[in-house]
Amino acid sequence: MAVVVGVLAGWPIAVAGLFTLGQERALLIGNLVAFAFALRGSVRLVLERREFVTPTAQELTFRAKGHVRFLPGQYLELDVPHHRPDARGTRREFSIVSAPADLPTLRIAYKNGDQKHPSSYKRALAAAEPGATFAVTGTWGDFILPRGDHPVLMVAAGIGVTPFVSQLRQLQATGQQRDVVLVYVASDASELAFRDELAATGVRTVVFTRDEPADLPAHWTWGQGARLDAETLERAVADITTRHAFISGPPRLIADLAPALQKARTLTTDAFAGY
Ligand SMILES: Cc1cc2nc3c(=O)[nH]c(=O)nc-3n(C[C@H](O)[C@H](O)[C@H](O)COP(=O)(O)OP(=O)(O)OC[C@H]3O[C@@H](n4cnc5c(N)ncnc54)[C@H](O)[C@@H]3O)c2cc1C
């Protein structure tokens, strides 16, 4: 698009001797080219099912129409046109929960940020019935596990668990063995989303919740109600310095926890702006 606009804008082409093309028309032509590409790559999601995965978080299961390409850990932008959108508009980013191996099934999960004053977007999304179709404007993000078999530490802050479910499912679906530790922070045990799915991946998991979760799987431990900070994290993950750390979730929680991760080999963050 840049080349098309650059060439046309810089070159005073006479059109049928009537007028020269000029910059505005060059921009217009450039956008038409981009639109054609967007049309060719457009993806639509058909809502199949909605389910509460915790008292405050819902999972939406879609069937993808069109060619979706994403890597585990990436997010999509979901367009939900609705009447009288508020200042935040009609589009939001959501990390994809399902794995590429699950396509054409695609899942996202979102938290009702505020029961009393939800955005117009969340109200519209909550009202969507099975069969509703939404446009995805694209998939993006660099919250991708490093190649090779370096040990990894995943720190999920609340709804920030979503990209990790995708990554762990993809490892499982492709039979890849990887040294991963998952640290999962949630306000309380009922807010631990995707427990069974995460447990099925066999990853060592440490959960930090106020109250003790019932029936923890064998390879899961509870942080005794402690608040997660640098000290408790180092106690829970003694070899943190050898691990690539990934942290995902609401910005405030990431800000709280990031200092605890300074000792990790590398640190990659995925802040869910908007909460
Ligand atoms: C890379 C990335 C990945 C993400 N992945 C996920 C994900 O997997 N799951 C997920 O739930 N979110 C995810 N998010 C966040 C998501 O995109 C939204 O920002 C978030 O869900 C908040 O939605 P909302 O703006 O509709 O507000 P709500 O959820 O309705 O409310 C959130 C807060 O914003 C306030 N608020 C709402 N509307 C307004 C307004 N118009 N003006 C001012 N304040 C307002 C509310 O009072 C509340 O305090 C991700 C964000 C990024 C950047």
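Note that this is a predicted model, so its numbers are computed, not measured.

(A) Seen up close, the overall build of the protein chain. The secondary structure content of the protein chain amounts to seven helices and 14 strands. Judged by the C-alpha coordinates and their principal axes, the protein chain covers about 80 × 40 × 35 Å. In the protein chain, 60% of the contacts between residues at least 6 apart in sequence involve partners at least 24 apart. As displayed, the protein chain has an accessible area near 14300 Å², and 55% of this comes from carbon and sulfur atoms. The average position of the 29 basic charges and that of the 27 acidic charges among the side chains of the protein chain differ by 6 Å.

(B) Broad picture of the site of the ligand. In the region of the ligand, 24 residues are neighbours, and Arg-88, Glu-93, Ser-119, Ala-273 and Tyr-275 sit closest. Within the side chain of Arg-88, one N or O atom sits 2.6 Å away from an oxygen atom of the ligand. When the ligand sits alone it has 950 Å² of accessible area, and the protein chains cover 82% of it. Elements with a minimum of two residues in the shell around the ligand: β6 (91–95), β7 (105–111) and β14 (266–271). Here the shell around the ligand gets four residues from one element, more than from any other, and that element is β6. Of the residues belonging to the shell around the ligand, the class tally is ten nonpolar, six polar and eight charged. Lining the shell around the ligand are residues from two domains, each supplying at least three of them: domain 2 (43–140) and domain 3 (152–271).

(C) Expanded view of the sheet that holds strand β4 (residues 57–65). Strand order across the open sheet formed by six strands is β6-β5-β8-β3-β4-β7, with antiparallel pairing between neighbours. Pairing within the sheet leaves two strands with one partner each, and these edge strands are β6 and β7. Averaged over all adjacent pairs, the angle separating strand axes in this sheet is 40 degrees, with direction ignored. Relative to β6, strand β5 (residues 75–79) runs antiparallel, the two being bridged by five bridges. If you follow Tyr-75 over to β6, its bridge partner there is Ser-95. Along the sheet, helix α3 (residues 120–127) makes contact with β3 (43–54), β4, β5, β6 and β7, crossing β6 at roughly 65 degrees.

(D) Representation of the pattern of salt bridges in the model. In the structure shown here, the tally under the stated rule is 13 salt bridges. The salt bridge involving Arg-107 is made with Glu-197; its shortest N-O contact spans 2.6 Å. Pair noted here: Arg-107 is in strand β7 and Glu-197 is in helix α5 (residues 195–200), with a separation of 90 residues, a long-range link. For Arg-107, a relative accessible area of 9% gives the class buried. Given the relative accessible area of 21%, Glu-197 is considered partly exposed. Across the pair Asp-179 and Arg-243 runs a salt bridge, and its minimum N-O distance is 2.8 Å. Residue Asp-179 is found in the loop between α4 (162–173) and β10 (180–185), and its partner Arg-243 is found in the loop between α6 (230–236) and β13 (244–249); the two are separated by 64 residues along the sequence. Assessed through its relative accessible area of 36%, Asp-179 is described here as partly exposed. For Arg-243, a relative accessible area of 3% gives the class buried.

(E) Looking closely at the domain arrangement of the protein chain. Once the domains are mapped, the protein chain shows domain 1 (2–41), domain 2 (43–140) and domain 3 (152–271). In this structure, domain 1 and domain 2 have C-alpha centres spaced 34 Å apart.

(F) Representation of the environment of Arg-107 within the structure. Put simply, Arg-107 and Thr-162 are 55 residues apart on the chain and 9.5 Å apart in space, counted from C-alpha to C-alpha. When near neighbours in sequence (up to four residues on either side) are disregarded, Arg-107 contacts Glu-59, Leu-60, Thr-61, Ile-96, Val-97, Ser-98, Arg-169, Phe-194 and Glu-197. Polar contacts involving the side chain of Arg-107 include one to the side chain of Glu-197, which spans 2.6 Å.

(G) Looking closely at the environment of Ala-87. Examined against the element boundaries, Ala-87 turns out to sit in the loop between β5 and β6. Taking relative accessible area as the criterion, Ala-87 reaches 87% and is therefore assigned exposed.

(H) Region of the structure containing a nonpolar patch on the surface. On the surface, Val-3, Val-7 and Trp-11 cluster together to form a nonpolar patch covering roughly 340 Å² of accessible area. Its place among the elements puts Trp-11 in the loop between α1 (2–10) and β1 (14–15). According to the relative accessible area criterion, Trp-11 is exposed, its value standing at 53%.

Rules behind the numbers
- Residues numbered from 1 in each chain as written.
- Predicted model: local features only at pLDDT ≥ 70, side-chain atom pairs only at ≥ 80, totals over all residues.
- Heavy atoms only, no water.
- Helix = DSSP H or I, 4+ residues; strand = E, 2+ residues; numbered from the N terminus.
- Contact = heavy atoms within 4.5 Å.
- Areas by Shrake-Rupley, 256 points an atom, 1.4 Å probe, with all protein chains shown as cover.
- Lys, Arg positive; Asp, Glu negative; His and termini not counted.
- Charge placed at Lys NZ, Arg CZ, Asp CG, Glu CD.
- Near = heavy atom within 4 Å.
- Polar contact = N/O pair within 3.5 Å; in protein donor to acceptor, adjacent residues only side chain to side chain.
- Nonpolar A, V, L, I, M, F, W, Y, C, P; charged D, E, K, R; others polar.
- Domains from an automatic or database assignment.
- Pairing = 2+ DSSP bridges.
- Axes fitted to C-alpha atoms, helices over the stretch in contact; angles between N-to-C directions.
- Salt bridge = Lys/Arg side-chain N within 4 Å of Asp/Glu carboxyl O.
- Buried < 20%, exposed > 50% of the residue type's maximum accessible area, 1.4 Å probe, protein only.
- Patch = residues over 30% accessible without salt bridge, like charges linked within 9 Å, V, L, I, M, F, W, Y side chains within 5 Å.

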